[in-house]
Amino acid sequence: MVKSSLNKKLIRDVQGAKIQFLSIIIMLTLGVAVFIGLDSTWRSLEEYTATISADNNLSDIQIFSSIISEEDAHKVRLIDGVENAERRLNLQVNVANLPEAKLELNGMESGEISTFTVQEGAGALQEGEALLDFSFAKANHIAVGDPITLQLQDREASFRIAGLCTSAAYIYTTSDATAVIPDHKQYGFIAVRPQDTVQISGQSQLYNELLITTASGTDDEQLKNEISGMLDNKLVGSVTRLETRNDMSIKQKVAQYQSIGNLFPFVFFAVVILMTFTTMIRLMNNQRQQIGLLKAMGYTRTQIAVHYISYGIWISIIGSVLGIIIGWKVIPGRVWDFFEELFVLPDAHIILYWPKVVAIIVLAVSSTVLATLYVCLQTEKEQPAALLRPKLAQNGSHIAVERFKSWWGGLSASYRLILRQMFRNKIRLFMTIIGVLGCTALLLTALGMRDTIKNVAASVYGKTYLYETKHYLKDGISEEVLQSLQEQKQTEPILETVLVLSSDSKKKMGTIHVLEDHSQFIHFFDSTARRLDLTADGALITQKTADIYHLKVGDKIHVRIAPEQSVYFEVADIAKVNIGQGVYVSREAWQAKGLSFRPTAILSGSGSAPLPEGIVSRTVATDDQSRDFMTSMNSTLSLSVMMIAAAAVLAFIVLYNLGMLNFAERERDLATLLVLGFHPKELRGFVVMENIIFSLIGIVIGIPAGFELHRMIFAKAGMGDELDFSAVILNNSIFLSILFTVVIAVAVNMIVLSRVQKIHMVGALKSVE
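Residues numbered from 1 in each chain as written. Predicted model: local features only at pLDDT ≥ 70, side-chain atom pairs only at ≥ 80, totals over all residues. Heavy atoms only, no water.

Draft legend 1. Geometry of helix α8 (residues 288-296). Of the residues making up α8, those classed as buried are R288, I291, G292, L294 and K295. Burial along α8 is one-sided: seen end-on, the buried residues are contained in an arc of 160°. (Buried < 20%, exposed > 50% of the residue type's maximum accessible area, 1.4 Å probe, protein only. Helix = DSSP H or I, 4+ residues; strand = E, 2+ residues; numbered from the N terminus. Arc of directions from axis to C-beta.)

What follows is the structure in structure tokens.
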């Protein structure tokens, strides 16, 4: 009977304050969805990569050499920390009937390291059989059982496709470092038996790579350097797993989402929890007389507390469950569609990280239950007769600004009343300001993410790279042709190569770019936008490279040209380059070290003469590169759109909720002023002015808070070795953040003003009876 009555009361209370209860549910749903959505997105990509890497026994270290003998491999296997080492022949080959297609040929010694996952067909290879890249096969309509002919210079070898496969080593694969978006129609991989590589390599069975797996706890970087030193006389280069483009690209994307997911949802959820807690306290305070009535009717303290706590439990569970479903099923799914433009992710699924799910449900329930419990405990101290009467108003007190007597004395009575009302309820003051501050900061951060990404494309392809097209030259072009190319107008040769670079503290493979002495197509700027020029005897390095190698101006960087040939360049300048990290030297500085300048590409601008036929392997345009970059950022851009929408909805709910609660708390005071003779116009002024001042204070503090949150997200984004993002927020975004917050505040004020117009003086004054 008792339980049934309280349940009916619960239903009636919810119906009476359905807007406030609904707003709490929406706020919790948004907060939980953003938190779970971002967390599930990066964790799913990270877990998938870890799982598929373990399944394929992906190598931890790769050693590149002119030739790897069995004796070399045996020596490496004896080193502490090395679990296994396997040789591989790796070549770039053409496909006979696909003129623009290239495949990375893998001739595996035993097939134990960096293996493949067969998606169709058979995995065990017989003589003359091959495993083909699943994505390449689908893009070119190649099926199991079809023949494929590979070409290398003037040699050919034909194979039968035994199976289609994927691999952890080829989740992200492009033809070279300049391509951003994978083109599976033109580039892929193929695996054959080592003895079948003789026909295509034209030599006896040989290997040019060593794949190494290491024991758990091994310092791969240290081990790589040890092995590199052992093979020093024939070493071409070496990388750990984290230094491969495949892993760097995945880690870069995971780091982006992890950084965004660790800060934005944290602030977002903090605002939600704070507003939920405040709303519940104010809702429960409106139940003061109901609590007194229940006590007078003989309900025990426990029955009353359990009854009101159930309010918080139900709405927090509803909000949390809806948020988890949306965060798990909607947000990652949308982002994952864009991931699949970059990565090969068969059989991947979105995971839920249960410790965070449990933690977020506990936080959501706590925010409502604790608020309810707090009010219940406060009211428990009073007798039913006291609770049935309205709560005594706070004693009037002077506010700080009254100390400025000359200024205070000049204010009208209305303004004095407004200022006193503002500071009378400090909780309302701080909660409104914090709510507006949080929403403005979140909105600005989300808009700033789009600005930052778009600024990279505009900066790189509008200020740094000024050429229109880049023509990659084929190998084996004669000196005469190269000389004639360098004499053409409106073109510029460039040499780009990956070499082993080292400083006093770091040694790894990096890209060195050799440009014309006064390049017209590639310009550099420092962090203050000051133009930098290449010098005749030093090197210019990018800021990211300086950070990786721990270099500063005046230090020296060691460049290993060949196993027995090295040069040093002094760091002359450090430039801020978003895309295209590495070392840049002038042709004069390069040749001054006794090195030959043999260009690998030709840069051309508008009006350039066409290049001779047959010398270009591939041409890319900066417009295409800019479009590819934006495509690669589609997932992050789509995420920013969702964050903007979530922040905007939160801003509306918070401002509406606070505005309506503020009005409800003051309705009786406003009715009293009407009785005393104040005009409705004056009352509207009181309400509007107070809300406007609170909103402006929140906006003014929220703008720098948004800048700081945005800076922290990109400072910790860990964009990998290839990208160096500069956090940018454009004036338009600041204006939009302010405008949106002001519009919402004005809209809420209009709704509140309409309520002022409808105040029933007698009803409001008798509401406590």
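Moving on from the coordinates now.
Draft legend 2. Structural context of a nonpolar patch on the surface. Residues W314, I318, L322, I326 and V330 make up a contiguous nonpolar surface patch of roughly 460 Å² in combined accessible area. On the secondary structure map, V330 appears in the loop between α9 (301-329) and α10 (331-342). The exposure class of V330 is partly exposed, given its relative accessible area of 48%. (Patch = residues over 30% accessible without salt bridge, like charges linked within 9 Å, V, L, I, M, F, W, Y side chains within 5 Å. Areas by Shrake-Rupley, 256 points an atom, 1.4 Å probe, with all protein chains shown as cover. Salt bridge = Lys/Arg side-chain N within 4 Å of Asp/Glu carboxyl O.)

Draft legend 3. Up close: the packing of aromatic side chains. In this structure the tally under the stated criterion is 14 aromatic pairs. Between F339 and F343, the ring centres sit 6.3 Å apart and the planes meet at 65°, which makes this aromatic pair edge-to-face. Here F343 falls in the buried class, since its relative accessible area comes to 3%. Centre to centre, the rings of F569 and W590 are 6.3 Å apart; their planes meet at 5°, and the pair counts as stacked. (Phe/Tyr/Trp six-rings, centres within 6.5 Å; stacked < 30°, edge-to-face > 60°.)

Draft legend 4. Examining the side chain of H307 more closely. Relative to the helices and strands, H307 resides in helix α9. By relative accessible area, H307 is classed as buried at 5%. When near neighbours in sequence (up to four residues on either side) are disregarded, H307 contacts L6, K9, L10, D13 and L294. (Contact = heavy atoms within 4.5 Å.)

Draft legend 5. Looking closely at helix α19 (residues 622-632). What α19 keeps buried is the set T622, Q625, S626, F629, M630 and S632. The buried residues of α19 occupy an angular sector of 160° when the element is viewed end-on, so they sit on one face. In the core, the buried residues of α19 are packed alongside α7 (245-285), α10, α15 (426-464), β21 (616-621) and α20 (634-675).

Draft legend 6. Main features of the pattern of salt bridges. As enumerated under the stated definition, the model contains 20 salt bridges in all. Between R43 and D39 there is a salt bridge whose closest N-O contact spans 2.8 Å. Highlighted residues: R43 and D39, both in helix α2 (residues 18-55), separated by four residues, approximately one helical turn. No difference in accessibility class separates R43 from D39, as the two residues are buried. K138 is the salt-bridge partner of E120, the closest N and O atoms lying 3.0 Å from each other. A residue pair is termed long-range when its members are at least 10 positions apart, and E120 in strand β4 (residues 117-121) and K138 in helix α4 (residues 134-139) qualify at 18 residues. Its relative accessible area of 30% is what places E120 among the partly exposed residues. Residues joined by salt bridges that share partners form a network here, namely E70, R77, R87 and E109.

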